Amino acid sequence: MYQERRTSSSQWVPLRGFRYHVRTWGSPMPGTPALVLAHGWMDVAASWQFVVDALSDAFVKDRFIIAPDWRGYGLTEGPPTDCYWLPDYLGDLDALMDILSPDQAFDLVGHSMGGNVVMHYAGCRPERIRRLINLEGFGMPATRPSQAPTRMTQWLNEIKALNNGESDLRPYPDAQGVAARLMKTNKRLTPDKANWLAQHWAAPDAGGQWRILGDPAHKVINPYLGRVEEIIELYKSITAPTLFIEAADDSLSGWWKGRFSLAEFHERIQSVPKLEKALVPDAGHMLHHDQPAVLAELMASFLQN
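Definitions and limits used
- Residues numbered from 1 in each chain as written.
- Predicted model: local features only at pLDDT ≥ 70, side-chain atom pairs only at ≥ 80, totals over all residues.
- Heavy atoms only, no water.
- Disulfide = S-S within 2.5 Å.
- Buried < 20%, exposed > 50% of the residue type's maximum accessible area, 1.4 Å probe, protein only.
- Axes fitted to C-alpha atoms, helices over the stretch in contact; angles between N-to-C directions.
- Helix = DSSP H or I, 4+ residues; strand = E, 2+ residues; numbered from the N terminus.
- Parallel < 35°, antiparallel > 145°, perpendicular 65-115°, else oblique.
- Left-handed = near helix turned anticlockwise from the far one by under 90°.
- Contact = heavy atoms within 4.5 Å.
- Nonpolar A, V, L, I, M, F, W, Y, C, P; charged D, E, K, R; others polar.
- Phe/Tyr/Trp six-rings, centres within 6.5 Å; stacked < 30°, edge-to-face > 60°.
- Lys, Arg positive; Asp, Glu negative; His and termini not counted.
- Salt bridge = Lys/Arg side-chain N within 4 Å of Asp/Glu carboxyl O.
- Polar contact = N/O pair within 3.5 Å; in protein donor to acceptor, adjacent residues only side chain to side chain.
- Pairing = 2+ DSSP bridges.

Caption draft 1: Examining the state of the cysteines more closely. This model, assessed by the stated rule, comprises 0 disulfides. With no disulfide of its own, C83 has C124 as its nearest cysteine by sulfur position, at a separation of 20 Å. For C83, a relative accessible area of 9% gives the class buried. Using a relative accessible area of 44% as the deciding quantity, one classes C124 as partly exposed.

Structure follows, in structure tokens:
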């Protein structure tokens, strides 16, 4: 089993009708920006443990590090729903930081879905962000208005399937089964990390079956089409120095089968005014699991400048 180098504390913060679970490392330090870590789709805040452990003592000693479980994930509790909306994550982040860092700009890091959230948030609240890091948060393919009827119909069908129990996530007999599932998805994930992560990524139900701590409603498609022109305007509004970190493996091409390419994303992100880029070798989309030491060094170097 992986051994934590730095143990997190848990707190629950009431906001927007939810009881948000937040992992923290360290304590608030006046004059030092908090570091907020936003996890991705079907992930949890504990997923950042490997990176936090890899950060240097010199970097961590004066830092208050905050990692929330997004609504519908991990230990965060809230009202039932049959779909989730990206703007709600921005609203949750805004409310959370009004509580945890109300008077000071903070550093913001997001992975995958969380990377998209932090980019949008930084475009809406530029004055709140000191420095911004996006890890593989690519966004979505460009769409056409003609896709609207099909998209809305798909949303209706997926909600119906969810409410009929057809989209329930598969349970596992034990934590070892969850760990095996994690390693099947990410071939680079080592058994010690998988076994540790399984304890936080899932939990046993009343019958002893292990259930993923992610609401299956997250699988329901968004009914509205994303507009690239609007995303670019958000990117243009970001004022914080921004670092985009990409894994050596091109996961984007695998997801979208030619409908959205790295070249297209790279063109979009050039709209960010103060942009730097970095590449993590020998890593896939879950680069915070694959190469936490490399990632920690890149993050610390950028955030300390």
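Having put the structure on the table, let's press on.
Caption draft 2: Molecular detail of the packing of helix α3 (residues 86-100) against helix α4 (residues 113-124). At a closest axis distance of 9 Å, the pairing of α3 and α4 adopts a crossing angle of 65°. Taken together, the axes of α3 and α4 are roughly perpendicular relative to one another. Helix-helix and strand crossings are classified by hand; for α3 and α4 the assignment is right-handed. In contact with L86, Y89, L90, L93 and D94 of α3, α4 contributes M113, V117, H120, Y121 and C124. Its residues assigned to classes, the contact of α3 with α4 comprises 8 nonpolar, 1 polar and 1 charged.

Caption draft 3: The arrangement of the packing of aromatic side chains in detail. The tally for this structure, following the rule as stated, stands at 12 aromatic pairs. Look at Y2 and F50: their rings are 4.8 Å apart centre to centre, the planes differ by 85°, and that puts the pair in the edge-to-face class. Within this pair, whereas Y2 is found in the segment before β1 (9-15), its partner F50 is found in helix α1 (residues 49-54), the two being separated by 48 residues in sequence. Exposure class is identical for Y2 and F50. Each is buried.

Caption draft 4: Quick look at the side chain of E246. With respect to the helices and strands, the residue E246 is situated in strand β9 (residues 242-247). The charged side chain of E246 is buried without a salt bridge, its nearest counter-charge being K277 at 6.9 Å. A polar side-chain atom of E246 sits 2.7 Å from a polar atom in the side chain of H266.

Caption draft 5: Summary view of helix α6 (residues 175-185). Listed as buried for α6 are A175, G177, V178, A179 and L182. In this fold, the buried residues of α6 make contact with α7 (191-201), β7 (202-204) and β8 (210-212). If you check the start of α6, you find a side-chain oxygen 3.3 Å away from the backbone N of Q176, and it comes from D174.

Caption draft 6: Up close: unusual backbone geometry. Of note in the backbone geometry, S112 takes a positive phi value of approximately 55° without being a glycine. With respect to the secondary-structure elements, S112 resides in the loop between β5 (106-111) and α4. Judged by relative accessible area, S112 falls into the buried class, the value being 14%. Phi at E136 takes a positive value of approximately 55°, unusual for a residue other than glycine. Along the chain, the position of E136 falls in the loop between β6 (129-135) and α5 (148-163).

Caption draft 7: Broad picture of the pairing of β5. The buried count for β5 comes to 6 of 6 residues, which makes it a mostly enclosed element. Every second residue of β5 is oriented toward a common face, with F106, L108 and G110 on one face and D107, V109 and H111 on the other, all of them buried. Bridge count between strand β3 (residues 35-38) and β5: 4 bridges; the pairing is parallel. In the sheet register, L37 faces β5, and the bridge partner there is V109. Of the pairings in the sheet, the one linking β5 to β6 comprises 5 bridges and is parallel in character. By the bridge assignment, V109 is partnered in β6 with I133.

Caption draft 8: Representation of the pattern of salt bridges. This model, assessed by the stated rule, comprises 17 salt bridges. For R19, the salt bridge identified is with E77, shortest N-O distance 3.4 Å. Of this pair, R19 sits in strand β2 (residues 18-25) while E77 is found in the loop between β4 (65-68) and α3, placing the two residues 58 residues apart along the sequence. When the shortest N-O distance is used, the salt bridge between D107 and R63 registers 2.8 Å. A residue pair is termed long-range when its members are at least 10 positions apart, and D107 in strand β5 and R63 in the loop between α2 (57-60) and β4 qualify at 44 residues. Overall, R63 belongs to the buried group, its relative accessible area being 7%.

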